[in-house]
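So the chains spell out like this:
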Amino acid sequence: MSLNAPSSAEPLRPHRVQPVDLKHLAQRFGLQPASASLPLGQTRVTGVAQGSTEVGPGDLFVALPGARAHGAQYARQAVQAGAVAVLTDLDGAALLAQEDLQVPVLTSTQLPGVVGHLAAEVYGQPAGGLTTAAVTGTNGKTTTATMIDHVLRKLGKVTGLIGTVEVTLAGASRPAVLTTPQPADLQRFLTCLREAGGTDLVMEVSSHALAMHRTEPVVFTVAGFTNLTQDHLDYHTTLEEYFEAKALLFTPQHSRHQVVCVDDPWGRRLAQRLASSPQARLTTLRTPLADPEGQAFPATWSIEAVHHEPARTSFTLRGPQDQRLETATSLPGDFNVANAALAVLMVHAAGTPLEEIGQALGEAGVSPVVPGRVEAVGSGTSGPRVLVDFAHNPGALEAVLRSLRPTVQGRLVLVFGATGNRDTGKRPQMARIAVEGADLVIITDDDPHDEDPAAIRAELMAVAQSARPGGTELEEVAPREAAIWKAVELARPEDTVLIAGRGHETVQDVAGEDISLDDRVAAAEALRRKEGSPA
Ligand SMILES: CC(=O)N[C@H]1[C@@H](OP(=O)(O)OP(=O)(O)OC[C@H]2O[C@@H](n3ccc(=O)[nH]c3=O)[C@H](O)[C@@H]2O)O[C@H](CO)[C@@H](O)[C@@H]1O[C@H](C)C(=O)N[C@@H](C)C(=O)N[C@H](CCC(=O)O)C(=O)O
Ligand SMILES: Nc1ncnc2c1ncn2[C@@H]1O[C@H](COP(=O)(O)OP(=O)(O)OP(=O)(O)O)[C@@H](O)[C@H]1O
């Protein structure tokens with residue numbers, strides 16, 4: 001997330017920060033003046049920024065190395081924007097040795113780990129006065145976080161929500177860039193939330209963020225685990241490493257209460273680990289999605305009496321001492337029952353009695369709008385049902401296809417592709433899941449990034465061809481917009497079209513070029529044409 005995302009109306013900056021002496025920060029965090037630095041003098045800091053475009057007057061600019069550049073290359077821009085000092089690593093200091101920046105330059109060997117701690121000090125430990133909830137897992141983070149936010153708002157709380165789709169402060173949204181923001185951005189957001197009278201923060205925490213210390217030093221009131229299946233192995237190398245990054249959120253340094261869904265082996269492993277930790281305050285949840293071993297796993301809470309109605313799914317959460325909550329969700333799919341239950345239990349674990357949650361939710365239950373997650377497109381009055389979804393890994397694709405199947409009257413038509421330059425091991429699995437779970441599969445492009453889109457499609461097609469059961473039809477169509485049009489064109493009124501992989505996204509990255517494409521807009525247009533065309 002960049003708090004100053006290009007399309008946001010104005011930068012999100014706190015207004016009431018007590019200036020902090022740079023000397024105090026240097027002493028507190030062991031920062032050393034670079035060899036050619038100006039003396040620290042009376043410099044006072046009122047903010048911390050990690051990107052030059054986010055710097056405001058009074059900020060300390062933190063210049064870190066990246067994949068494309070070293071932040072020190074932007075130090076001059078940062079100073080022009082009002083930075084009163086620069087903090088960097090030894091390479092950054094070397095880059096700045098000949099620059100006359102007119103502000104002190106400090107170095108630390110503890111970067112990036114120290115950034116969040118330092119920013120929290122400058123902003124006065126803003127998380128301190130808030131109830132904070134963090135969700136991690138491969139799939140369901142955005143949905144569950146949005147559901148928690150929804151429950152809290154129903155309870156009358158003033159919330160901040162940080163996630164992949166958007167960043168919302170007290171009801172006003174701006175687009176997100178990262179799932180979990182950089183540490184200085186997070187502390188700035190928390191400060192703005194406090195200034196807006198906020199009571200609660202809800203956020204998604206990615207495995208990348210945990211590995212990169214982005215949320216430190218926040219100790220979340222409650223942390224939730226959804227599930228773990230293959231994804232992001234371009235970054236983490238092994239599933240084991242990916243799991244251990246997620247597991248960090250459930251250590252005492254990161255959370256006080258932990259709610260873990262034990263449906264899959266990784267959730268059970270986490271729960272077993274926490275059960276033997278004296279500092280953990282663990283709640284476990286088993287849902288109808290549990291694998292055979294999960295069905296027999298003793299959990300604090302379970303879900304029963306699931307009833308699918310046309311516009312909602314009702315269910316009962318049952319817990320210790322025969323505690324129960326009957327509620328519902330309007331979001332389709334069994335996995336959304338799991339997400340809703342996790343959301344409710346996280347709010348409960350953070351301190352709200354279950355009855356109060358039930359009363360606040362009423363008949364409608366846990367029913368927020370989550371953009372691009374099994375989102376229905378079109379008027380819904382005639383023609384095929386068309387859904388746009390964010391499933392872009394094997395676990396999500398399997399879950400969404402499996403949970404849609406009982407609701408499909410005709411054929412299940414799937415449009416999907418695979419992302420370039422990301423965890424290529426997902427591709428064969430996704431191709432297999434696609435042909436096994438849908439009746440007509442149209443393979444197309446996702447975000448190819450720098451890879452050849454035709455080669456990605458060929459890789460998917462080869463597996464899909466050989467794994468395809470007799471009745472499954474298979475096509476390759478590119479570009480993606482054409483594939484969406486083709487799916488809608490081929491769909492009969494009783495069919496369901498699932499356009500998977502890009503959800504809420506509005507820009508497709510093809511060889512570094514941003515191509516405007518919103519699957520929802522493309523599908524709606526295709527439906528309009530189809531509905532308007534003679535039968
Ligand atoms: C690996 C990683 O975390 N990369 C993030 C990082 O990029 P980078 O280190 O390569 O930065 P760079 O572009 O080389 O620039 C170097 C430094 O110069 C600074 N800079 C750069 C340009 C400028 O004009 N001014 C300026 O000051 C940058 O702030 C940065 O500190 O800093 C950038 C600015 O904050 C991020 O946008 C970028 O995330 C990229 C987009 C990314 O893809 N991150 C992924 C790995 C990620 O974090 N994903 C997770 C999980 C998603 C999921 O669950 O699906 C997430 O939490 O989002
Ligand atoms: N509990 C779940 N189990 C399995 N699949 C799920 C679950 N919840 C959602 N999904 C599937 O995963 C997709 C992504 O959901 P969501 O955006 O909530 O997850 P996420 O963890 O935030 O994903 P990402 O990290 O990729 O942004 C959904 O569109 C749906 O297909």
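Residues numbered from 1 in each chain as written. Chains lettered and ligands numbered in written order. Predicted model: local features only at pLDDT ≥ 70, side-chain atom pairs only at ≥ 80, totals over all residues. Heavy atoms only, no water.

Colleague: For the site of ligand 1, give the residues involved together with the corresponding values.
Modeller: Ala67, Arg68, Thr179, Ser206 and Arg214 are the nearest of the 20 residues found near ligand 1. Note that an oxygen atom of ligand 1 is positioned 3.0 Å from one of the side-chain N or O atoms of glutamine 182. Burial of ligand 1 by the protein amounts to 70% of the accessible area it has alone, namely 1000 Å². A per-class count over the shell around ligand 1 returns seven nonpolar, eleven polar and two charged. In this structure, the shell around ligand 1 is formed jointly by two domains, domain 1 (20-123) and domain 2 (131-361), each of which donates at least three residues. (Near = heavy atom within 4 Å. Polar contact = N/O pair within 3.5 Å; in protein donor to acceptor, adjacent residues only side chain to side chain. Areas by Shrake-Rupley, 256 points an atom, 1.4 Å probe, with all protein chains shown as cover. Nonpolar A, V, L, I, M, F, W, Y, C, P; charged D, E, K, R; others polar. Domains from an automatic or database assignment.)

Colleague: Now, about the UniProt feature "binding site: ATP" (unreviewed entry) in the protein chain: what can you tell me, with residues and values included?
Modeller: Under the UniProt annotation, "binding site: ATP" (unreviewed entry) lies at Gly137, Thr138, Asn139, Gly140, Lys141, Thr142 and Thr143. You can see asparagine 139 is positioned in the loop between strand 8 (131-136) and helix 5 (141-154). Each residue touching asparagine 139, except ones within four places of it in the same chain, is listed here: Thr226, Asn227, Thr229, Asn393, Gly395 and Ala396. Along the chain, threonine 142 falls in helix 5. A relative accessible area of 9% places threonine 142 in the buried class. With residues up to four places along the chain from it excluded, the contact list for threonine 142 reads Thr164, Val165, Glu204, Val370 and Arg373. (UniProt positions renumbered as here; feature names shortened; annotations may be inferred. Helix = DSSP H or I, 4+ residues; strand = E, 2+ residues; numbered from the N terminus. Contact = heavy atoms within 4.5 Å. Buried < 20%, exposed > 50% of the residue type's maximum accessible area, 1.4 Å probe, protein only.)

Colleague: I'd love a proper account of the side chain of threonine 164, names of residues and values included.
Modeller: Within the fold, threonine 164 resides in the loop between strand 9 (159-162) and strand 10 (166-169). Within polar-contact distance, the side chain of threonine 164 engages the side chain of threonine 179 at 3.1 Å. If we skip the residues at most four places from it in the chain, threonine 164 touches Thr142, Ala176, Thr179, Glu204, Arg373 and His504.

Colleague: Give a description of the packing of helix 5 against helix 13 (residues 354-361) that names residues and reports values.
Modeller: Geometry of a packed helix pair, given as the angle between the helix axes and the separation of the axes. For the pair helix 5 and helix 13, the least separation of the axes is 9 Å and the interaxial angle reads 90 degrees. Relative to helix 13, the element helix 5 is oriented roughly perpendicular. In this structure, helix 5 contributes His150, Val151 and Lys154 to the contact, and helix 13 contributes Ile357, Ala360 and Leu361. Split into classes, the residues belonging to the contact of helix 5 with helix 13 amount to four nonpolar, one polar and one charged. (Axes fitted to C-alpha atoms, helices over the stretch in contact; angles between N-to-C directions. Parallel < 35°, antiparallel > 145°, perpendicular 65-115°, else oblique.)

Colleague: Quick rundown of the sheet that holds strand 4 (residues 47-49)? Include the residues and the values.
Modeller: Across the sheet, which stays open at both edges, the five strands sit in the order 2-7-6-5-4 with mixed pairing between neighbours. The open sheet terminates on both sides in strands that have one partner only, identified here as strand 2 (32-33) and strand 4. Bridge count between strand 5 (residues 59-63) and strand 6 (residues 85-88): four bridges; the pairing is parallel. Bridging from a neighbouring strand, phenylalanine 61 pairs with valine 86 of strand 6. Strands in contact with helix 4 (residues 115-122) are strand 4, strand 5 and strand 6; relative to strand 4, the strand with the most contacts, it is inclined by about 155 degrees. (Pairing = 2+ DSSP bridges.)

Colleague: Just give me the short version of the pattern of salt bridges, but keep the residues and values in it.
Modeller: Where charged atoms from two side chains of opposite charge come close, those side chains can pair. Using the criterion set out here, one finds 32 salt bridges in the structure. For aspartate 59, the salt bridge identified is with arginine 13, shortest N-O distance 2.9 Å. Of the two residues, aspartate 59 is situated in strand 5 and arginine 13 in the segment before strand 1 (20-21); the sequence distance between them amounts to 46 residues. For aspartate 59, a relative accessible area of 0% gives the class buried. According to the relative accessible area criterion, arginine 13 is partly exposed, its value standing at 22%. A salt bridge links aspartate 447 to arginine 502; the shortest N-O distance between them is 3.6 Å. Of this pair, aspartate 447 sits in the loop between strand 22 (440-443) and helix 16 (453-467) while arginine 502 sits in the loop between strand 24 (496-500) and strand 25 (507-510), placing them 55 residues apart in sequence. Taken as a pair, aspartate 447 and arginine 502 share a single burial class, namely buried. (Salt bridge = Lys/Arg side-chain N within 4 Å of Asp/Glu carboxyl O.)

Colleague: For the pairing of strand 25, give the residues involved together with the corresponding values.
Modeller: Alignment of strand 25 against strand 26 (residues 513-516), held across four bridges, turns out to be antiparallel. Note that in strand 26 the partner of glutamine 508 across the bridge is isoleucine 515. Linking strand 25 back to strand 26 in an antiparallel pair, the connection comprises two residues, with alanine 511 at a positive phi of about 50 degrees.

Colleague: A description of the sheet that holds strand 19 (residues 375-377) should follow, citing residues and the corresponding values.
Modeller: Sheets are built from strands paired through backbone hydrogen bonds, the pairs being either parallel or antiparallel. Strand order in the open sheet made by the six strands is 19-20-24-21-22-23, with mixed pairing throughout. Among the strands making up the open sheet, the edge pair consists of strand 19 and strand 23 (473-476). Averaged over all neighbouring strand pairs, the angle between strand axes comes to 20 degrees, with direction disregarded. With four bridges joining them, strand 22 and strand 23 adopt parallel strand pairing.

Colleague: Break down the confidence of the model for the protein chain for me, with residues and values.
Modeller: Confidence along the protein chain averages 93 in pLDDT terms, with 97% of residues attaining 70 or more. Interface scoring of the predicted complex returns ipTM 0.95; its pTM is 0.93. (pLDDT = per-residue confidence, 0-100.)

Colleague: Describe unusual backbone geometry, and please don't skip the residues or the numbers.
Modeller: Following leucine 111, the chain continues to proline 112 via a peptide bond in cis, the omega torsion being 5 degrees. Along the chain, proline 112 falls in the loop between strand 7 (105-107) and helix 4. Here the residue pair glutamate 216 and proline 217 is connected by a cis peptide bond, since its omega of 10 degrees sits within 30 degrees of zero. At aspartate 322, a position not held by glycine, the phi torsion is positive, near 55 degrees. Note on placement: aspartate 322 falls in the loop between strand 17 (313-318) and strand 18 (324-329).

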